[in-house]
Amino acid sequence: MEFQIRESLESDSKAIRSVVLAAFGPEEGEEIADLVAELDLDPTAEPRLSLVATNEETIIGHILFTAVKIEADPNQTPCSILAPLAIHPEYQKQGVGGLLIHEGLKQLQESGVDLVFVLGHPSYYPKFGFTPSGYRGLDAPYPILPKNAEAWMVQELRPGILGSVRGTLICATALDDARYWVE
Ligand SMILES: CC(C)(COP(=O)(O)OP(=O)(O)OC[C@H]1O[C@@H](n2cnc3c(N)ncnc32)[C@H](O)[C@@H]1OP(=O)(O)O)[C@@H](O)C(=O)NCCC(=O)NCCS
């Protein structure tokens, strides 16, 4: 199947909500769809990058990156976090998630972002260059349980930046809630 990736438009918000609900299911879906809507309106999430994957104009996947900062970082390293990523169940395991991640990372790199973080499946994101972050001295805004340490990951988009900066992250206001930091 041919999938296209493009930046999301304001008019896509309903279709994005449907994909998030379908991907995360009835229990988690509402909360995550609300989070996406809140991040869309949150000035502290800027700069944000919101991409959709389409199949014949229908939105079948969505990825969101929002700004994060490293506390007391004298260089104010430009950082972003991937959250959430959702692929409609009918289109999972066909590489759509990978396409969205690759395109997102490419665009972030072009716009000067140095580090990208994600809290997610430790068997999925390493395929796309992410490695555990806590060991590099870059901590999540809320403590991650040691048993989930591998789920808190980072990737450098500027070679050599990892290791040169340490600290705890400050995320957008909409994401700044302990319930989003449980893996
Ligand atoms: C996780 C998700 C984003 C992956 O997207 P996708 O388009 O299905 O994934 P891709 O086709 O790019 O990659 C498929 C690979 O990832 C693996 N994979 C898919 N879901 C996975 C999961 N939950 N955990 C670990 N690996 C997973 C597949 O086994 C496959 O591996 P392979 O390439 O070795 O065969 C998608 O399944 C989804 O939306 N799930 C529900 C919501 C969710 O969990 N979002 C992520 C929150 S961190």
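Described in the following lines is the structure provided in the data block. If you're wondering where the values come from, they're calculated on a predicted model, not measured in any experiment. (Residues numbered from 1 in each chain as written. Predicted model: local features only at pLDDT ≥ 70, side-chain atom pairs only at ≥ 80, totals over all residues.)

**Description of unusual backbone geometry**
Piece 1. Residue Pro47 is reached from Glu46 by a cis peptide bond, and omega for that bond is -5 degrees.
Piece 2. Along the chain, the position of Pro47 falls in the loop between α1 (13-41) and β2 (49-55).
Piece 3. In this model, Ala83 is joined to Pro84 through a cis peptide bond whose omega is -5 degrees.
Piece 4. The residue Pro84 is located in strand β4 (residues 79-87) in this model.
Piece 5. In the Ramachandran plot, Ala72 falls in the positive-phi region, its phi being about 55 degrees despite a non-glycine side chain.
Piece 6. As for its position among the elements, Ala72 is in the loop between β3 (58-70) and β4.
Piece 7. A tally of 9 C-beta atoms within 10 Å means that Ala72 is categorised as exposed. (Helix = DSSP H or I, 4+ residues; strand = E, 2+ residues; numbered from the N terminus. Buried ≥ 20, exposed ≤ 12 C-beta atoms within 10 Å, placed from the backbone.)

**Description of the site of the ligand**
Piece 1. Around the ligand lies a shell of 17 residues, among which Gln92, Gly97, Gly98, Gly120 and His121 are the nearest.
Piece 2. Among the elements of the structure, α1, β4 and α2 (96-110) are those that each provide at least two residues to the shell around the ligand.
Piece 3. Per-element accounting of the shell around the ligand gives the leading share, four residues, to β4.
Piece 4. Of the residues in the shell around the ligand, the class split is eight nonpolar, eight polar and one charged. (Near = placed C-beta within 6 Å. Nonpolar A, V, L, I, M, F, W, Y, C, P; charged D, E, K, R; others polar.)

**Looking at the pairing of strand β5 (residues 115-119)**
Piece 1. Most of β5 is tucked away: five of the five residues are buried.
Piece 2. Note that β4 and β5 share four bridges and pair parallel. Of the residues in β5, the one forming a bridge with Cys79 is Leu115.
Piece 3. For the crossover from β4 across α2 to β5, the handedness is right-handed.
Piece 4. Where β5 meets strand β8 (residues 152-156), five bridges bridge the pair, whose relative direction is antiparallel. (Pairing = 2+ DSSP bridges. Right-handed = clockwise from strand over helix to strand, strands pointing away.)

**With respect to α2**
Piece 1. With 15 residues, α2 should reach 21 Å at 1.5 Å per residue; the first-to-last C-alpha distance of 21 Å fits that figure.
Piece 2. All of the buried residues in α2 are Val96, Gly97, Leu100, Ile101, Gly104, Leu105 and Leu108. Across the axial projection of α2, the buried residues extend over an arc of 160 degrees, all falling on one side. Exposed side of α2, more than 90 degrees from the buried face: Lys106 and Glu110 are the residues found there.
Piece 3. Packed against the buried residues of α2 are β1 (4-7), β2, β3, β4 and β5.
Piece 4. A positive phi of about 95 degrees marks Gly112, the residue just after α2. (Expected span 1.5 Å × (residues − 1). Arc of directions from axis to C-beta. Contact = placed C-beta atoms within 7 Å.)

Remember that the coordinates give geometry; whether it matters functionally is a separate question.
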